[in-house]
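Results of the structural survey
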Amino acid sequence: ELRDIVRPLREPGYREALRRKAERARKRKLRLQRRKQEAKAAKEEEAARAAEREAKIDQWRVKCIQEVEEKNRERELKAAADSVLSEVRKKQADTKRMVDILRALEKLRKLRKEAAGRKGVCPPPSADEAFENQVESLKTLLKNRTELYEAEERALRVMLEGEQEEERKREMEKKQKKEREKLLQQKLEIDSKLFGDPGEFPLAHLLQPFREYYLQAEHSVAALIQIRHEWDQYLVPADHPEGSCIPPGWVLPTLPTNDTWATAVR
């Protein structure tokens, strides 16, 4: 029985076949482990991207809520100010109407007094004095109210103008922020075309020395002075036949003129 068991071990090529079989099993195990690790890494990466998306969505949602709340507060404040201003204007209109009524009463009494005088009826001086005193008292009261309402209107207008100024300032800041973001995006695009995408290449990428060389002036005053000195040697008028003025920004590379050059760039 033992001879039957060990007989295959003595056959030529059995050990090689057994070694190949063990090697295939080992490679298969390693392949399965690698796939499992890749799947786990992909899952973790997807979870990280999902968490990042959720965080950005939350930030955007909070920002939108804050903007809506701020606009609602501004609208409520403006509505309240408009309501108070409307009330003040209504009071001013009432005061003006009362002044017109008082003037009409004075005119009516004068006309009736003249009509009574033509009939020979004259009121006593005390009645004229009492009427004039009452009219002067009402005029003083209406004048004080008019000045008070005008002061309230001026205060409300100052407040509304201040709110409008703040709103214009916020709009200007938003516009300037968008312009800065646009300029920053343009700069990133230009740097990406010139030096490659920094998020796509590691620090040890072959373009890193070129990035450090061309951007050294941003980190060293001495390098900035040296580069400016070298550029100043080539300053010429715009109409000079042997040169041209320094460009205001980066000189972007042109697109490949043929497929061969395009493959080399890629």
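This text follows the structure it describes.
Source: prediction; values computed, not measured.

1. Some details on the overall build of the protein
Looking only at helices and strands, one finds six helices and zero strands in the protein. Secondary structure of the protein in N-to-C order comes out as α-α-α-α-α-α. A compact globule built from 266 residues would reach a C-alpha radius of gyration of about 18 Å, whereas the protein, at 46 Å, exceeds it by more than 25%. For the protein, the spread of C-alpha atoms along the three principal axes comes to 165 × 80 × 40 Å. Partitioning the intrachain contacts of the protein with sequence separation of at least 6 by distance along the chain shows that 61% fall at a separation of at least 24. Summed over all atoms, the accessible surface of the protein reaches about 23,400 Å², with 57% contributed by carbon and sulfur. Here the protein holds 59 positive side-chain charges and 51 negative ones, and the gap between their average locations is 8 Å.

2. Section: a positive patch on the surface
A cluster of basic residues, K63, K71, R75, K174, K177, K178 and R180, forms a positive patch at the surface. The set of elements that each furnish at least two residues to the positive patch consists of helix 2 (14-118) and helix 3 (125-195). Per-element accounting of the positive patch gives the leading share, four residues, to helix 3. Relative to the helices and strands, K63 is located in helix 2. Overall, K63 belongs to the partly exposed group, its relative accessible area being 44%.

3. Looking at the nonpolar core
With six residues, the main nonpolar core is built from A81, L85, V88, Y149, L156 and L160. Dropping the residues within four chain positions of it, V88 is found in contact with Y149, E152, E153 and L156.

4. Thoughts on helix 2
The end-to-end C-alpha distance of helix 2 is 153 Å, a good match for the 156 Å that 105 residues give at a rise of 1.5 Å each. When helix 2 is considered as a whole, its buried residues turn out to be A81, L85, V88, T95 and L102. At the exit of helix 2 stands G120, carrying a positive phi of roughly 90°.

5. Topic: the pattern of salt bridges
Within this structure, the stated rule accounts for 13 salt bridges. A salt bridge links E23 to R26, with the shortest nitrogen-to-oxygen separation between them at 2.4 Å. Pair noted here: E23 and R26 are both in helix 2, with a separation of three residues, about one helical turn. The shortest N-O distance in the salt bridge between E52 and K56 comes to 3.6 Å. Of this pair, E52 and K56 are both found in helix 2, four residues apart, which corresponds to roughly one turn of the helix.

6. Describing the environment of T263
Of note, T263 is situated in helix 6 (residues 259-265). C-alpha separation for the pair T263 and V221, spaced 42 residues apart in sequence, amounts to 39 Å.

7. Here's the deal with the packing of aromatic side chains
All told, the structure shown has one aromatic pair when counted by the stated rule. Judged by centre distance (5.1 Å) and plane angle (80°), the rings of Y213 and Y214 are edge-to-face. One residue, R109, lies across the ring of F131, its end atom 4.7 Å from the ring centre.

Criteria and cut-off values
Residues numbered from 1 in each chain as written. Predicted model: local features only at pLDDT ≥ 70, side-chain atom pairs only at ≥ 80, totals over all residues. Heavy atoms only, no water. Helix = DSSP H or I, 4+ residues; strand = E, 2+ residues; numbered from the N terminus. Rg over C-alpha atoms; globule rule 2.2 N^0.38 Å. Contact = heavy atoms within 4.5 Å. Areas by Shrake-Rupley, 256 points an atom, 1.4 Å probe, with all protein chains shown as cover. Lys, Arg positive; Asp, Glu negative; His and termini not counted. Charge placed at Lys NZ, Arg CZ, Asp CG, Glu CD. Patch = residues over 30% accessible without salt bridge, like charges linked within 9 Å, V, L, I, M, F, W, Y side chains within 5 Å. Salt bridge = Lys/Arg side-chain N within 4 Å of Asp/Glu carboxyl O. Buried < 20%, exposed > 50% of the residue type's maximum accessible area, 1.4 Å probe, protein only. Core = buried A, V, L, I, M, F, W, Y, C linked by side-chain atoms within 4.5 Å. Expected span 1.5 Å × (residues − 1). Phe/Tyr/Trp six-rings, centres within 6.5 Å; stacked < 30°, edge-to-face > 60°. Lys NZ or Arg CZ within 6 Å of the ring centre and 35° of its normal.

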